[in-house]
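# Reading the structure
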Amino acid sequence: MGSLDDPKLWDYHNRLQMSLHQSSPPDWQTACQILNGMSMPDMLDELWRIKSSSKLDGLSVFAPRASGVNTARLRAGIGAFQLRPPGDFDALVGSLPADQQWSIMSVCAVTQAPPNLSPSLWSKYYWSTRSLPALSLVASYSPESGGDSNKSKDDAHLAADIATGVSANYRPGANPATYTVTVIYRNFDKWKFGDDDTELDVIHEPNISVQLSPDPNNPATYQAAFSLINLHLKRNWGLIKPDVEFSLSPQISQPGLGGVPSGALQAQIELHVTSTISLTAQTSVGVGPAMKPGDPPDYGALHYGNVSFSPFMIGILGHWDPP
């Protein structure tokens, strides 16, 4: 079993034991709420302990009716320990982020172990399976494989984002929309901190993009950027409590092919509606050439000499990854 040296995990464990064993019938609702507040690996550890105390079946019956929790995530974790998981188990697991799917499928190796494996050894079998590094998801070269590799979608890879947004200070009567196509190095992080529910990434997903606007006063803009700091809160509850990302990104941009480059620092909030669609809100401060008399008006920013401020832009972002 996993260690309970962490005081927070010990508190979770004690509260679970009280909810399941000190009342009759067990307080299933409280147990579900406690499990819901744990990271996926820690929740799976506690579900293993609950299984050993013969309370797992009762919990699985109540879980679909639990209120105020992510029932799909909870049912997927419970199903991983059942000899006969629910009929929609694959769909439940498939709705989770890849790192949580990996944790659950590692546990499934226990329930799918050879029948001659003694249950008393399952705990050891589980931990030796779960301790496999994420890198094991990538197949290495072998003569039999012919050099093909099946990479996890969590690995860093080239992908594309397509976004449309609305500028705050557009010229009255003009089209306020902008359209951006971005080539991005998805899932690249120089440094990463945190757990599977909350991550802090440093130097995150460098990218290059082209931004277009129907307004003739806003020429095409070419931009290179990366997220210096990206905080990812993974809640995985769709529109009720979605994943949210907060990022701070330095940028270099150039309007048109002959324009003068400028630099900016952009803050963004991204709300993940689904795994492929997000809503975004951005604001930025830039440094570049000052506006001169006769220059086309820039209705998307406020200018103060060489400094410009874009109050906000809201938009919809679509993510595309190669199959």
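Quick note: structure is the one above.
So, here's what we can say about the structure. None of these values were measured; they are calculated from a predicted model.

### Things to note about the overall build of the protein
- Across its full length, the protein holds eight helices and 10 strands.
- Residues counted as buried form 38% of the 323 residues belonging to the protein.
- Here the contacts in the protein between residues at least 6 apart in sequence split such that 56% fall between residues at least 24 apart.
- Counting only carbon and sulfur atoms, one obtains 62% of the accessible surface of the protein, whose full area is about 17800 Å².

### Describing the packing of helix α1 (residues 7–21) against helix α3 (residues 40–52)
- Where α1 meets α3, the closest approach of the two axes is 11 Å, and the angle between their N-to-C directions is 35°. Two packed elements cross with a definite hand, and for α1 against α3 that hand is right-handed. In this structure, α1 contributes Leu9, His13, Leu16 and Leu20 to the contact, and α3 contributes Asp42, Glu46, Arg49 and Ile50.
- For the contact of α1 with α3, the class distribution of residues is four nonpolar, one polar and three charged.

### Topic: unusual backbone geometry
- Of note, the amide linkage connecting Ser24 to Pro25 takes the cis form, showing an omega dihedral of 0°.
- Take Pro25: it is sitting in the loop between α1 and α2 (28–36).
- The phi angle at Ser54 is positive, at roughly 65°, despite the residue not being glycine.
- Its place among the elements puts Ser54 in the loop between α3 and α4 (56–62).
- A positive phi is found at Asn187, a non-glycine position, where the angle reads about 70°.
- Within the secondary structure, Asn187 is located in the loop between β2 (177–186) and β3 (189–194).
- Note on Asn187: relative accessible area 27%, which makes it partly exposed.

### Looking at the packing of aromatic side chains
- As enumerated under the stated definition, the model contains two aromatic pairs in all.
- On the numbers, 5.4 Å between centres and 20° between planes, the contact of Tyr185 with Phe188 is stacked.
- Note on Phe188: relative accessible area 27%, which makes it partly exposed.

Criteria and thresholds
- Residues numbered from 1 in each chain as written.
- Predicted model: local features only at pLDDT ≥ 70, side-chain atom pairs only at ≥ 80, totals over all residues.
- Heavy atoms only, no water.
- Helix = DSSP H or I, 4+ residues; strand = E, 2+ residues; numbered from the N terminus.
- Buried < 20%, exposed > 50% of the residue type's maximum accessible area, 1.4 Å probe, protein only.
- Contact = heavy atoms within 4.5 Å.
- Areas by Shrake-Rupley, 256 points an atom, 1.4 Å probe, with all protein chains shown as cover.
- Axes fitted to C-alpha atoms, helices over the stretch in contact; angles between N-to-C directions.
- Left-handed = near helix turned anticlockwise from the far one by under 90°.
- Nonpolar A, V, L, I, M, F, W, Y, C, P; charged D, E, K, R; others polar.
- Phe/Tyr/Trp six-rings, centres within 6.5 Å; stacked < 30°, edge-to-face > 60°.

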